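Listed here are the chains, written in short residue letters.
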Amino acid sequence: MTDPHDHAEYPCPANPGDLGRRIAHRRRELGLTRAEVAARSGMEPGFVEFVETSASPLGAGVLTRLADTLDTTVGDLLGCGHEVPPGQARANAGVTLEELDPTACWARLSPGGVGRVVLTTPAGGPVALPVNYRVLDATILYRTATGGLLADVEGRQVAFEVDRLDEVFAIGWSVLVRGTATVVPDEDAVRWYGRHADPDPWAGGERDTWVRIRPAGISGRIVRGAWAPPVGPG
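Note that the structure is predicted; figures quoted are calculated from it, not measured. (Residues numbered from 1 in each chain as written. Predicted model: local features only at pLDDT ≥ 70, side-chain atom pairs only at ≥ 80, totals over all residues. Heavy atoms only, no water.)

### Quick word on the pattern of salt bridges
Definition in use: By definition here, a salt bridge exists when the distance from a side-chain nitrogen of Lys or Arg to a carboxyl oxygen of Asp or Glu is within 4 Å. Where helices and strands are cited, they refer to DSSP runs of H or I of at least four residues and of E of at least two residues respectively, numbered from the N terminus. Here the term buried applies to any residue with accessible area under 20% of the maximum for its type, exposed to any over 50%, and partly exposed to those in between, with areas from a 1.4 Å probe on protein chains only.
Under the defined criterion, the tally for this structure stands at nine salt bridges. Across the salt bridge formed by Arg21 and Asp18, the nearest N and O atoms sit 2.5 Å from each other. Of the two residues, Arg21 and Asp18 both sit in helix H1 (residues 17-29), three residues apart, roughly one turn of that helix. Taking the relative accessible area as the measure of exposure, Arg21 reaches 49% and is therefore partly exposed. Judged by its relative accessible area of 22%, Asp18 is partly exposed. Across the salt bridge formed by Arg164 and Glu29, the nearest N and O atoms sit 2.7 Å from each other. With Arg164 in strand S5 (residues 156-166) and Glu29 in helix H1, the pair connects residues that are 135 residues apart, well separated along the chain. Residue classification places Arg164 among the partly exposed positions, given a relative accessible area of 41%. A single salt-bridge network, built from bridges that share partners, covers Arg27, Arg34, Glu49 and Glu52.

Shown next as structure tokens:
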């Protein structure tokens, strides 16, 4: 079995269990099993399970091999740099900027996650506020606090933006939706949404107002590396 303490140890995260959760999350993002990660990194499957489920610090050699296997960096696995904006990596040569067709845009939106609602306020001008969202019946759905800026949107034109960056390769994509926001008032509809498409806000607290954005237009762009396949329908 690989020694978890081979070579020098990296500093342990504030919560040691965070490292295992980040490794497991990245593995699932790539669609890999523990056995596949073990085979690619030269480790035993039981040790990969130990890494993902324990709070023990790992040696520099193990972390580096896992980061290489998972196409990420040791810093990302340790949760470093979360206090600074993404996109610190230098631009890579040989990349292309391409338009995403609507089908490709929806494919990137449909898993749900975190996006930004862009709206204009009466006093402060435009603002962009992050929300957890889900896609339901080709609409964007989010929950927010009653009485807040994100709830006071009935009938207003808004934009909704989602993006993703790959810090290792300095590539990424963004999708922009433009449409009309409406508050979902019917209690039966709210209960139905809650069973089938609950966005589960990270911010916590009372988030009892449900808002739906009906798209009038959708567009997207991708910064693609020269090694990646071209954009195609679906």
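### Remarks on the pairing of strand S3 (residues 125-136)
Counted only if it meets this: Here the rule is simple: two strands pair whenever DSSP picks up at least two bridges between them.
Relative to S3, strand S2 (residues 113-121) runs antiparallel, the two being bridged by nine bridges. Residue pairing for S3: Thr120 is matched across the bridge by Pro126. Here S2 folds back onto S3 in antiparallel fashion, the turn holding three residues. Alignment of S3 against strand S4 (residues 139-144), held across four bridges, turns out to be antiparallel. When the sheet's bridge partners are listed, Arg134 is paired in S4 with Leu141. With antiparallel pairing between neighbouring strands as the criterion, S3 and S4 make up a hairpin whose turn holds two residues, including Asp137 at a positive phi of roughly 55 degrees.

### Here's the deal with the packing of helix H2 (residues 34-41) against helix H4 (residues 60-69)
Defined as follows: To get an axis, a line is fitted to the C-alpha atoms, and for a helix only the part in contact is used. The angle between two axes follows their N-to-C directions and goes from 0 to 180 degrees. Any angle from 65 to 115 degrees is called roughly perpendicular, while one under 35 is roughly parallel, one over 145 is roughly antiparallel, and all others are oblique. A crossing counts as left-handed when the near helix is turned anticlockwise from the far one by less than a right angle, and as right-handed when that turn is clockwise. The criterion used for residue contact is that any of the two residues' heavy atoms lie within 4.5 Å.
Contact geometry of H2 with H4 gives a least axis separation of 9 Å together with a crossing angle of 115 degrees. Relative to H4, H2 is oriented roughly perpendicular. The chirality of how H2 crosses H4 is right-handed. Across the interface between the two elements, Val37, Arg40 and Ser41 of H2 pack against Arg65, Leu66 and Thr69 of H4.

### Quick look at the environment of Ser110
Summarising the element assignment, Ser110 is placed in the loop between helix H6 (102-109) and S2. The partly exposed category is assigned to Ser110, whose relative accessible area is 42%. Distance from Ser110 to Val135, taken between C-alpha atoms, is 5.4 Å for residues 25 residues apart in sequence.

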